[in-house]
Amino acid sequence: MTDTALAATGLRKSFGDTVALDGLDLAVPKGAFFGLLGPNGAGKSTFMSLVTGFQDADDGQLLLFGEVLDPADTAQKLRIGFAPQHIALYKELSAEANLVLFGRLYGLSGRGLSKRVDAVLETARLTDRRGDRVKTFSGGMMRRLNIAAALLHEPELLLCDEPTVGVDPQSRNAIFETLLELKARGMTVIYSTHYMEEAERLCDRVAIIDHGRILAEGDIDGLLDGLPAVNAVRVRGSELEEATVAALSQFGEVTAGERVHTLAPGEGFRLSRFHAWAEGEGLEPRDVIVERPTLEHLFLQLTGRELRE
Amino acid sequence: MKAVLALLGKEYRLFLGDKAAILLTFLVPFVLIYIFGNIFGGSGDDNGGIGARITVAALNASGEPGGDAVIESLEAEDGLNVLRGFSSEDGTLTPFTTDSIRQGIVDRQYNFAVVVPEDYLADEGIGVRIEFISNPRNEIESQVVNGLVQKAVFMKLPQLLAPQVDDWQEANMGLAQTAVFREGLAELLNESIDDPAFQVDPDEMTFGALLDGILGDDVAVDGESGDNSGESAGDEAGLASVFDNLLTIREDQVYGKEVSNPQLTRMIGGYALMFLLFATTASAASLFEERREGMFLRLLSMPVKRTHILWSKYLFNTSLGVAQALTLFIASSFLFDIDVWSHFPILVLICVLAASACTAFGMVLAALCSTPQQTQGIGTLLILGMTAMSGAWVPLQWMPPLMQAIGKFSLVYWGIEAFRGALWEGLGLLQLAWPWLAVLVAYSVVLLGIAAWRFRVGGMFR
Ligand SMILES: Nc1ncnc2c1ncn2[C@@H]1O[C@H](COP(=O)(O)OP(=O)(O)O)[C@@H](O)[C@H]1O
Ligand SMILES: [Mg+2]
């Protein structure tokens, strides 16, 4: 038995001249809530479409629970649930009719099917709207149903491709709760997003992907440990004396703003020394704001700041 | 198989949930056949003529009875509406003159006029001259009227020529000799018939008078007058038969004799196929819609194969095509008296095979094109081309040999022939199986194979 739910080595996939995956290596531990973070066009969806067997890789290997992934293998497909990036539901059919169809396609029938349909409707908090056509649903409701449809067969691995795009905060919270519940029950979740705060809230492991490669992978704390402990220091006060500003620059690069001076800590920055200095200068403690590094900083540092698509 | 059935069930659910689609599915064939049926063949009681009657103006300027006979026989034609003059609002008829009848065409009141001119007889020898004035803005109409006028003239040729024959006799035998001949002839007739009630004068012995006597007023000499099966009931009838027997065409139509609406019966298979092709190509284009919605991404992440999706589409589109084609045929039965019911089982089978082949055609198109617009555009082009070259619009025999040969490669041709075989010749399963039905099956198999292959390697499911 392996402890890895999904392992990718050297995955390559091109569409014509576009290289979508460029030798991607990834290992998702069993039971992890795994964030796949990347800007638009990074290759997140392409990776998922290789896992679900929609596309064939040009090169590389995928292992699902230790077995070589085979798109023709029905048993393997039953271990994976997939909520696509675009809402893939028959909008002219009711929520229930959609779920019944997908349940049948997952091989369910009879009472087993109706029990599962009831269960996932409950999970998606759509029980009272089960008979309504999907086209009458809000964006958030569709999103929830889109995920629910991937849960019918109780998969061991759930792939969610940007499941909160175009969703109101309430629905987003409902989705988070659902996913965390699933994780608590032991399901492995791969969650792609470009919202860093989502990843920070949900994921215990993340991989940052860009241009079809993994740029960093690990648990969030570990990844942030690699960054300087302080990301920036802001000093409030519009009338800082010139001497103070000059002295400030001994700690790093200073950017002057109208009300705030921002200090990018330089080499060998020590927060204790800075605080001691600030006290000596007579700065109020509430005027000094220390910014800790976030996933977003790591993300921007790794993927750059230029605009994508 | 379970996956195919589940997907097929989804198709029907989607279809049945769309009331407008259901209505259109069955209304469109109804409306189409109503329109096409009215263009060709009308209500079914006329025997394959052009639906509306063609108006022809007619004038006998010669005053000779032969000229009237020609016009009367034109009036007897079902397909013609013969005018003798301009009718005013209060219903009075102003007879045509040689000038006014021509003016009527100039004024576009009618497109055809027939005039038996004053000097319709040739000056020398034997012959007649009839004037046919026309504005041939419609090729087929012109042909039809031309043919009918020629027919009328030929049928009335003896009457038309009678004055000339008499003149010719007087001129060649001399007046005195002619009188002697006519006296002798009258005497001979009176003696030989030997009935006090039958007495003829020598001046009834002109050729024209003889014809009048023989033909009477109400015996029409036309195509069907060769009713000579009975015994000649006397010399009078015997004489009449001299002319009648001059030309008798015995018609022996092997097929389609009892067909109530021949024109439409011949054409309807072509309409059905054209309609099927358009309908199935449109529904094949719906594959793109599902792709756009990202549906295949989800379906293929399930234990569903590409072929499952294809089969469900194929079965659904074919079944819908069959329902629509049958609607078209059944509508034609109610609206235009097409005999659908006595061939119904074989008709259903042909509909199934044709719908299957057309569905497969649509799927190949969708598989080869990259957008629904491409599919529709190329589809329309191919469908119109195929139907035109397969005898759906004009008989195949009218086309250049190359076109005929190309036409025979299209599935439309084989479909049309199969429908015609069933509805026109009344052929059954065994007679139609080879080659027509077999070719339709072969088309389905080959086209589906191509579609499946293209869907496997092409972009539809990527
Ligand atoms: N079916 C496809 N055909 C052509 N190019 C594609 C296709 N799918 C993805 N790509 C390209 O591959 C790259 C990665 O895309 P994708 O995996 O969708 O990125 P992400 O999901 O991270 O936004 C992009 O440049 C995209 O344009
Ligand atoms: Mg994506």
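Residues numbered from 1 in each chain as written. Chains lettered and ligands numbered in written order. Predicted model: local features only at pLDDT ≥ 70, side-chain atom pairs only at ≥ 80, totals over all residues. Heavy atoms only, no water.

Colleague: How would you sum up the pairing of strand E12 (residues 252-256) of chain A? Please name residues and give values.
Modeller: Sheet topology note: the E12 of chain A/strand E13 (residues 260-265) of chain A ladder contains five bridges and is antiparallel. Across the sheet, Thr-255 of chain A pairs through a bridge with Thr-262 of chain A, a residue of E13 of chain A. (Pairing = 2+ DSSP bridges. Helix = DSSP H or I, 4+ residues; strand = E, 2+ residues; numbered from the N terminus.)

Colleague: Talk me through the interface of chain B and chain A; I want residue IDs and the actual numbers.
Modeller: Across the boundary between the two partners, chain B contributes 24 residues, which contact 31 residues of chain A. Interface area for chain B against chain A, summed over the two sides, is near 2,400 Å², with a carbon-plus-sulfur share of 64%. Applying the counting rule to chain B against chain A returns one salt bridge. Here Lys-91 of chain A makes a salt bridge to Glu-293 of chain B, at a shortest N to O gap of 3.6 Å. Where chain B packs against chain A, one counts nine residue pairs in polar contact (both at pLDDT 80 or more). For the side of chain B that touches chain A, the element with the highest residue contribution is helix H12 (residues 295-301) of chain B, accounting for seven residues. (Contact = heavy atoms within 4.5 Å. Buried area = accessible area lost by both parts, 1.4 Å probe. Salt bridge = Lys/Arg side-chain N within 4 Å of Asp/Glu carboxyl O. Polar contact = N/O pair within 3.5 Å; in protein donor to acceptor, adjacent residues only side chain to side chain.)

Colleague: Which residues make up the sheet that holds strand E10 (residues 213-218) of chain A, and what values go with them?
Modeller: Residue and element names in this part refer to chain A. One open sheet holds the six strands; their spatial order is E6-E7-E8-E3-E9-E10, and the pairing between them is mixed. The open sheet has two edge strands with one neighbour each: strand E6 (80-83) and E10. The average undirected angle you get between the axes of adjacent strands in this sheet is 15°. Where strand E3 (residues 33-37) lies against strand E9 (residues 205-210), four bridges are found, and the strand directions are parallel. The partner of Leu-37 across the bridge, within E9, is Ile-208. In this fold helix H1 (residues 44-51) packs onto E3, E6, strand E7 (157-161), strand E8 (188-193) and E9, with an angle of close to 145° to the strand it touches most, E7. (Axes fitted to C-alpha atoms, helices over the stretch in contact; angles between N-to-C directions.)

Colleague: I'd like a rundown of helix H1 (residues 2-16) of chain B, residues and numbers included.
Modeller: In this model H1 of chain B runs 21 Å from its N-terminal to its C-terminal C-alpha over 15 residues, within 8% of the 21 Å that 1.5 Å per residue would give. Here the buried face of H1 of chain B lies against helix H3 (95-105) of chain A together with helix H2 (19-39), helix H11 (286-292), H12 and helix H13 (306-336) of chain B. (Expected span 1.5 Å × (residues − 1).)

Colleague: Describe in detail the sheet that holds strand E2 (residues 18-29) of chain A, supporting the description with residues and values.
Modeller: All names here are of chain A. Across the sheet, four strands lie side by side as E2-E1-E4-E5; this open sheet has antiparallel pairing. Pairing within the sheet leaves two strands with one partner each, and these edge strands are E2 and strand E5 (67-68). Taken together, the nine bridges between strand E1 (residues 4-15) and E2 define a ladder with antiparallel strand orientation. Looking at E2, one finds that Leu-11 is bridged to Leu-24.

Colleague: Could you give me a rundown of the site of ligand 1, with the residues and numbers involved?
Modeller: Residues and elements named next belong to chain A. As a matter of local geometry, ligand 1 sits amid Phe-15, Thr-18, Ala-20, Pro-39, Asn-40, Gly-41, Ala-42, Gly-43, Lys-44, Ser-45 and Thr-46. Within the backbone of Ala-42, an N or O atom sits 3.1 Å from an oxygen atom of ligand 1. The backbone of Lys-44 places a nitrogen or oxygen atom 2.8 Å from an oxygen atom of ligand 1. Here ligand 1 has 550 Å² of accessible area as a free molecule, and 66% of this is covered by the chains. Every element with two or more residues in the shell around ligand 1 is listed here: E2 and H1. Ranked by residue count, the leading element in the shell around ligand 1 is H1, at three residues. Here the residues of the shell around ligand 1 are counted per class, giving four nonpolar, six polar and one charged. (Near = heavy atom within 4 Å. Areas by Shrake-Rupley, 256 points an atom, 1.4 Å probe, with all protein chains shown as cover. Nonpolar A, V, L, I, M, F, W, Y, C, P; charged D, E, K, R; others polar.)

Colleague: For a negative patch on the surface, give the residues involved together with the corresponding values.
Modeller: A cluster of acidic residues, Glu-183, Glu-187, Glu-191, Asp-194 and Asp-195 of chain B, forms a negative patch on the protein surface. Tracing the chain through its elements places Glu-191 of chain B in helix H7 (residues 175-193). (Patch = residues over 30% accessible without salt bridge, like charges linked within 9 Å, V, L, I, M, F, W, Y side chains within 5 Å. Lys, Arg positive; Asp, Glu negative; His and termini not counted. Charge placed at Lys NZ, Arg CZ, Asp CG, Glu CD.)

Colleague: Run through the packing of helix H10 (residues 262-284) of chain B against H13 of chain B, naming residues and quoting values.
Modeller: The axes of two packed helices give the description: the angle between them and the distance between them. All names here are of chain B. For the pair H10 and H13, the least separation of the axes is 10 Å and the interaxial angle reads 150°. Compared by their axis directions, H10 and H13 come out roughly antiparallel. Once H10 is placed against H13, the crossing between them reads as right-handed. Every residue of H13 that contacts H10 at Leu-264, Ile-268, Ala-272, Phe-275, Leu-276, Ala-279, Thr-280, Ser-283 and Ala-284 is listed here: Asn-317, Gly-321, Gln-324, Ala-325, Leu-328, Phe-329, Ser-332 and Phe-336. (Parallel < 35°, antiparallel > 145°, perpendicular 65-115°, else oblique. Left-handed = near helix turned anticlockwise from the far one by under 90°.)

Colleague: So what's going on with the nonpolar core? Which residues, and what values?
Modeller: Grouped together as the largest cluster of nonpolar side chains are 132 residues, with contacts concentrated most on Phe-102 and Leu-105 of chain A together with Leu-299 and Phe-455 of chain B. Among the elements that take part in this core, helix H14 (residues 344-368) of chain B stands out by supplying 16 residues, more than any other. Setting aside residues up to four positions removed in sequence, Phe-455 of chain B forms contacts with Leu-287, Arg-306, Leu-310, Met-363, Ala-366, Ala-367, Met-460 and Phe-461 of chain B. Core analysis: the next-biggest nonpolar cluster, separate from the first, contains 26 residues, Phe-47, Met-48, Leu-157 and Ile-209 of chain A among them. (Core = buried A, V, L, I, M, F, W, Y, C linked by side-chain atoms within 4.5 Å. Buried < 20%, exposed > 50% of the residue type's maximum accessible area, 1.4 Å probe, protein only.)

Colleague: Go over the coordination of the magnesium ion (ligand 2) with me, naming the residues and quoting the values.
Modeller: At the metal site, the magnesium ion (ligand 2) is ligated by Ser-45 of chain A (OG) and Gln-85 of chain A (OE1), and these contacts range over 2.0 to 2.3 Å. With Ser-45 of chain A in helix H1 and Gln-85 of chain A in the loop between E6 and H3, this residue pair connects regions lying 40 residues apart in the sequence. (Donors = N, O, S within 2.8 Å, 3.2 Å for Na, K, Ca; no water.)

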